[in-house]
Structures are given as structure tokens and as C-alpha cells.
Amino acid sequence: MCGQENKKMSVQDKVEILTQECLQLRRELDATRDSKEKEKLVLKHIKEWANAENCVNDFQKGLEWFNVSEELSITQHLTGKVVALDFFTYCCINCMHILPDLDALEKKFSVQDGLVVIGVHSAKFSNEKDSQNILSAVQRYNISHPVVNDAKLSMWRDIGISCWPSLVILGPKAQPLVVLVGEGHREELFLYTKVALSYFKSLDQISKHDLPLKPAQHLLPISRDVLLFPGKVTTFGESYGERIVVSDTGNNRILVMKYDGSVEDVIGGYSPGFKDGNYNEARFNAPQGVCVLEDSIYVADTENHAIRQINMKNKTVNTIAGNGKQGHDYVGGKVGKEQILSSPWDVAIYNHEQKGSTVPVLLIAIAGIHQIWALFLKDTIWWKNKEYKANTCAAIVGSGKEENRNNSYPHAAGLAQPSGLAVAQNHKAIFFADSESSSIRRVHLNDGKVSAVAGADKNPMNLHNFGDVDGIQFSAKLQHPLGVAWDDAENVLYVADTYNHKIKRLDPSGNCETLYGAGKPTKDHQFNEPSGLAVSQRQNVIIIADTNNHCIKVIKKSNHSITTIPVKLPKDIGRPAEKVLKFSTEISTQQSELTISFTPKFNADLKFTPEAPQKWSLDKLPMSWMAEAKSGSIETPIIIKLPQGTETTDKISAILNLIVCKTNECIPKKLQVIFNVKRKADAPTEVKECEEIEIK
């Protein structure tokens, strides 16, 4: 390890100098086109820092870790590895943006190759210090590398980190080599890693040893096949035919259902993707906001950086803005897929008045670049008589700087990760949840003026003034709110105060009060990071996407009762089986007993995830046959009693839900097993079948 004696400078001082050198090197790399020359520049830099005297301190003992079976140590586990430390906090949109870069990096360079990525969770909000909430975030964002809850910011302070996200690459002796601040460093990240691994391998300093990885995906509830981290909700339809639309974010799909929970339409599939087509063909990637206009559902397809339109008549999905890639355009003005977007998080319809009529405008909370945009669905004359052609998408509010800056001029206002929208049509206003400033703010839609409503601080640069306090305007405190819904009947705004696990009521003058929730995730007042809200005037209810509880809840305003909607998917809808395995057996026509057991056969790089439930469940069974159990663990057999019968052939169908792991990722597997059972007079009355199931 690095020497701890005769230090010439502190690690913090070194990292500060290193940060500036990496900024300068970035400018040199940008000016160089030849890949070999870039590698030479990086190699020179790494050699200069490889023999530095100081190394980073080890992780504090006793911290909680995720995706590993034991806490990691620099001296015990990470010696001989190039380590990328990702300092992040799970609310931060910029931190979310680099997760795909890290995932791609891990797929390119494995732990055996010598690379280890470690997420150092350094909380901004008090709610984010809770390990259970971090676990939910690790699962929600499909993070497979080790993550440590550094709740007291010990590593952050030891190294001298100043903002989220920050990436620090360490050499095999824990010496800092590279510091990358903010997002957008994918090419550099790959280049630094490639050169560092090659250089230290040439010095025989890279070790191929494994780490005690244990992915956390198996800790998700059994109900994840129904709802998984639902993000937003909305309603549409007439009084007795009203429907609820749910963005089933973790399952990458949209559900349309009745109030009794019966799902009528499933749009999209479990696997993330970016594809238009019919309901079965279409694919989303972590969709969030949903709203309805006539026969269309509009979707903020967040991780596809796109707006999608679901046509409920034709049962098709079409992309109407964005192209699947993250953009950095702060102005816009292009049409359809030509207009790039950055993490749209919510959508809402505003009926804009012009020349004695109204035209619908789709408003979009663009969390990724801290702005509100508009998609003009028809030719529109907007503020200051500016004309926009149909299908044009453009920024209308926000400078793009992450601030809590209110202003009479919409493009001079600064927003901080707007994540929820609610149109108050009668007020010609849109209220938005400005999550990173922990406030609710208002855009006056007659001229674009942005004003404060409740929460946050008068200082536009202070994004750390949060809490849980009822009050008026700036005296009220919220913590990272994500959802808002306007109630025309009562002339109030409902707020999903996400990190306080509460639902609050806010009037337009800024009076904010708690209605529901205990301030922490509890079973009694049962919210856990709720992030989506809708109000139904017809049903006189508030509908909540209770995100970390993986469910939709309904509050009756008349008696304040809270119930969970029992979501029921159609029988033919569910996570599709990856493979159908068919077997045959013969058994007597007399009263008989059939026992079926399974022996898994793994590919070399797969194994069962420790402690994960490995389950079978009977899918189809002839009516007169009786099973001792409808489901069970893979270690227990299926036992079926057959009554006396005639010579026929029937089928038994079972579903195997398994969770297996590779070195650094957890993979759910769903297999269907079909038994063709032939009943014959001369066959045995007791049959035991042990079937080998290949898992790959």
C-alpha cells in the first residue's frame, strides 16, 4: 500500500491538484483526434501519478454495504485492482446519468480483468442516509456493483470531494490517478481505465482475484411481477368508466386499470428497450410521467430521453420527441424525433387560449437539464406572439442552471430538477415540484413568470434548505417532493412530499399542511417515498403511486380512509417464460401419485443467488387432479394425486421463477415446464420424475 510516512501533501490537496490536471488533460484530449496519441497522453499522466506517496484512507469499519456479502476493505479486497469510486446520492439526476456509463464500463472490464466499480453513497438529504432507502435505489436503478452507505461522508471528506457526481480512479495501491467531476465523461472513463489496466499489468500489479459479490435484486418482493417502483399515475374517462393509468417504472411498462385493480391494458414489456409498435411490441425504459388527452396517453419515457404517445384506439405506441439518447440542448425548436431531450420526468396538458379558441400544449418537466419544455401539438401562438408549428418541441422555462431562482422572465429563472407537474387551468398556471430545491413553484402561463409557492430558501443558490415543517411559503419545509396534483373542487394542490413519506395540501397562497403520513415509512401510515399523485373529482379520491411499497393507494377524501388497490394482471399477461421445457411420462389409470422434482444444471458462470427464493408454481392442472401444494421451493417436489380414469393424455404446466447470479449481476429466470402425462392401464400407480433443468 501507499506509504503513510513523510507525506508531502494531504490527500485532499493532491486530489484538488489532480482535479485541475484532469481538466487540463481533458482539453488536450478534446484537441487530439488520433486514438494512439490520446492513449499516450493518458499514459504519461498515469505514470506521473502512479508513484505518488499518498493513498486514500480505507473505508470506515461498520458501514453498511450492498451487493456484497461482507464489507469491503481497500487493504483486504481492493489491492491489485484499479478502482473507480463513484461518489453519488440517489436523488441526483446527474448521478443517474452516469450509471449507464458505469454499467458499460463493467461489461467491458470485469473484476477478473482488474477493474472494480464502487458506489460511495454520500447523502444530500437526511432520508437518503437510511440504508433501506439506499437499497431500494440500488434495486430501482439496477446497480450491480458494490455500494457503501457512507452516511457521515467520511470518504467524501478524506478525499476532498465537493459535488455530486464525482468519479475518482485509484491505482492498485489505492493511489489517486484521475478525478472526473460531473457527468459526460464516458469516453475518458473508458480511456483512463484501459490505459491504467494495461500499464499496471505490465508492472505485474494487477490481481485477478474475485470479490464477495452478492447482488441485491433477489431482495425485491415477490409482487414485483405486478408492480415494481411505480412512478406516476393519472386518470381518464367518464364517471363509472374512469380508468387509472400507472407508469410501472421498474417493469418498464404502462398499465391501464379499473379502480378494482383489474388491468385492462399492459403496454410495453419487462425488459427495457426503445421500440415503437403495438402494445406487445413496444418497449420503454423506466417511464415516469403520464397524462391523457382524448384517445392518447402521453408518456415521459425517462431513460429513453423521449416522449411517447400511446394511441388507445389503435393500441399502438409512437415516439413523438427524443431519439433514445440523452441530449444537452437548452433551447429546442426541432420537430419530433429530431429534438433531443434529457430525462423527461413528468408531462401535463394545458389548454392554451389563442384568438378565441384553445389549443392543447403538452408541458414536460425536463429533469435532466432543469427546465420545463412544451411540445406544441397544434400550431400555437405562445408568449410574446411567438409562433410554433405543430409537433415542435422547445424550452419555455428555465436557464438550465440548477438553481432556485424565480424571475418574471421565464428563461432567466433557474430550476432544480423539476419532477412533477400539475396544471391549474382556471388559474392559468402550472405548479411544479422542484425536487432538488425541496420546493413547490409556479409558472404563470399567461406570461411565463416563475414564482415561489412553498418550501426552500429565498437564496436561489441554496439547494440544501429542506425539512418537514408545516407553514406558509418559505417557512414551510419539504424534502425532495416528486409529485403534485391539482384539485379543482377544493382549489388546492396535493403534494407527494417524497422523502418525508407524506401527502401534504398546499393552497395557492403558500399555506402548506400535512394530511397523511407519519414522516417515515411505516405500516400504519403507509407511505414509502410516494412520487406520483392524481385527483379524481368523479370518485372524490386521491390516488398515490407509493413507489417503494410497489403499490397504488387510494385516499377517500370523505372519510380519509387509505386502501391499497389489489392490482390484478390478465391471466395471459406476466413476465414471459424464457424457455419452454417439455417432458413425458406414463402413469396408471387407477388412483395414482405423480412426484416431479427438478435438478438444476448450470453453465459454468452461473449459480443460484444465495438466500434468493427459487420457486415453482403450478400453472395448469387437469380439473380432477389434486396437487398437495400449488407452489413451493425448487428443493421440494410437486406431488399430484390422480383419480381413477381412462386412457388419455393430459398436460401439467409449471412455472419456475429462479434468480441466478454471475460474478457481478443478478438475473431473474422464468422457465415453463410442460409434462405430457399419458394414462395407461398397465403403467405404475406411483411415478417419480426427476428432471434436469438446464439454466444458461
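The shown structure was predicted, so the numbers you read here are calculated from the model rather than taken from an experiment.

Another point: helix α4 (residues 131-140). The periodicity of an α-helix, 3.6 residues per turn, causes residues three or four places apart in sequence to face the same way. For α4, the buried fraction is high: 9 of the 10 residues fall into the buried class. Against β1 (64-66), β3 (115-121) and β4 (147-149) lie the buried residues of α4. For α4, the N-terminal cap is Asp130; the gap from its side-chain oxygen to the backbone nitrogen of Gln132 is 2.8 Å. Just past α4, the residue Asn142 takes up positive phi, approximately 55°.

Moving on, we get to the packing of helix α1 (residues 11-30) against helix α6 (residues 186-202). When two helices pack together, their arrangement is given by the angle between their axes and by how far apart the axes lie. The interhelical angle for the contact between α1 and α6, taken along N-to-C directions, is 100°, at an axis separation of 12 Å. Relative to α6, α1 is oriented roughly perpendicular. Contacts between α1 and α6 pair Cys22, Leu25, Arg26 and Leu29 from the former with Glu188, Leu191 and Tyr192 from the latter. Among the residues making up the contact of α1 with α6, the classes are represented as 5 nonpolar, no polar and 2 charged.

All right, on to unusual backbone geometry then. Cis peptide bonds are those with omega within 30 degrees of zero, and the linkage from Trp164 to Pro165 qualifies with -20°. Structurally, the position occupied by Pro165 is in the loop between α5 (154-159) and β5 (166-170). Phi is positive for Ser343, which is not a glycine, with a value near 50°. You can see Ser343 is positioned in the loop between β16 (332-335) and β17 (344-354). Of the residues examined, Ser343 reaches a relative accessible area of 3% and is grouped as buried. For Lys384, which is not glycine, the phi torsion reads 55° and is therefore positive. Along the polypeptide, Lys384 turns up in the loop between β20 (380-381) and β21 (387-388).

Below, the discussion takes up the pattern of salt bridges. This structure, assessed with the given rule, holds 30 salt bridges. We note a salt bridge from Glu264 to Lys258, for which the minimum N-O separation is 4.0 Å. Its relative accessible area of 36% is what places Glu264 among the partly exposed residues. Taking relative accessible area as the criterion, Lys258 reaches 32% and is therefore assigned partly exposed. The salt bridge involving Asp468 is made with Lys504; its shortest N-O contact spans 2.8 Å. With Asp468 in the loop between β26 (450-455) and β27 (471-472) and Lys504 in strand β30 (residues 502-506), this residue pair connects regions lying 36 residues apart in the sequence. Overlapping salt bridges bring together Asp487, Glu490, Arg505, Glu513 and Lys557 as one network.

The next subject is the packing of aromatic side chains. What the rule picks out here adds up to 14 aromatic pairs. Pairing Phe87 with Trp156 gives two aromatic rings, centres 6.5 Å apart and planes at 75°, and the pair type is edge-to-face. Of the two residues, Phe87 sits in strand β2 (residues 82-88) while Trp156 sits in helix α5, which places them 69 residues apart along the sequence. On the basis of relative accessible area, Trp156 is assigned to the buried category, the value being 10%. Among the aromatic residues, those joined into a ring-pair cluster are Tyr90, Phe125, Phe466 and Tyr499. In this arrangement the basic side chain of Arg140 is found over the ring face of Tyr141, its NZ or CZ atom lying 5.1 Å from the centre.

The strand order across the open sheet built from 4 strands is β32-β33-β34-β35, with neighbouring strands paired in antiparallel fashion. Looking at strand neighbours, the two that pair on one side only are β32 (532-536) and β35 (562-564), the edges of this open sheet. Across this sheet, the average inter-strand angle for adjacent strands is 25°, counted without regard to direction.

A word on the environment of Lys620. Relative to the helices and strands, Lys620 is located in strand β39 (residues 615-620). The sequence separation of Lys620 and Ile562 amounts to 58 residues, and the corresponding C-alpha distance is 36 Å.

Here we take up the pairing of strand β18 (residues 357-366). Of all 10 residues that make up β18, 8 are buried, and the element is covered over most of its length. Relative to β18, β17 runs antiparallel, the two being bridged by 10 bridges. The residue bridging Gln354 from the neighbouring strand is Ser357, located in β18. In this antiparallel pair of consecutive strands, β17 and β18, the connection spans 2 residues, and Lys355 shows a positive phi of 50°. Judged from the 6 bridges that link them, β18 and strand β19 (residues 371-376) form a sheet pairing that is antiparallel. By the bridge assignment, Leu363 is partnered in β19 with Ala374.

So, how was this worked out
Residues numbered from 1 in each chain as written. Predicted model: local features only at pLDDT ≥ 70, side-chain atom pairs only at ≥ 80, totals over all residues. Heavy atoms only, no water. Buried < 20%, exposed > 50% of the residue type's maximum accessible area, 1.4 Å probe, protein only. Helix = DSSP H or I, 4+ residues; strand = E, 2+ residues; numbered from the N terminus. Contact = heavy atoms within 4.5 Å. Polar contact = N/O pair within 3.5 Å; in protein donor to acceptor, adjacent residues only side chain to side chain. Axes fitted to C-alpha atoms, helices over the stretch in contact; angles between N-to-C directions. Parallel < 35°, antiparallel > 145°, perpendicular 65-115°, else oblique. Nonpolar A, V, L, I, M, F, W, Y, C, P; charged D, E, K, R; others polar. Salt bridge = Lys/Arg side-chain N within 4 Å of Asp/Glu carboxyl O. Phe/Tyr/Trp six-rings, centres within 6.5 Å; stacked < 30°, edge-to-face > 60°. Lys NZ or Arg CZ within 6 Å of the ring centre and 35° of its normal. Pairing = 2+ DSSP bridges.

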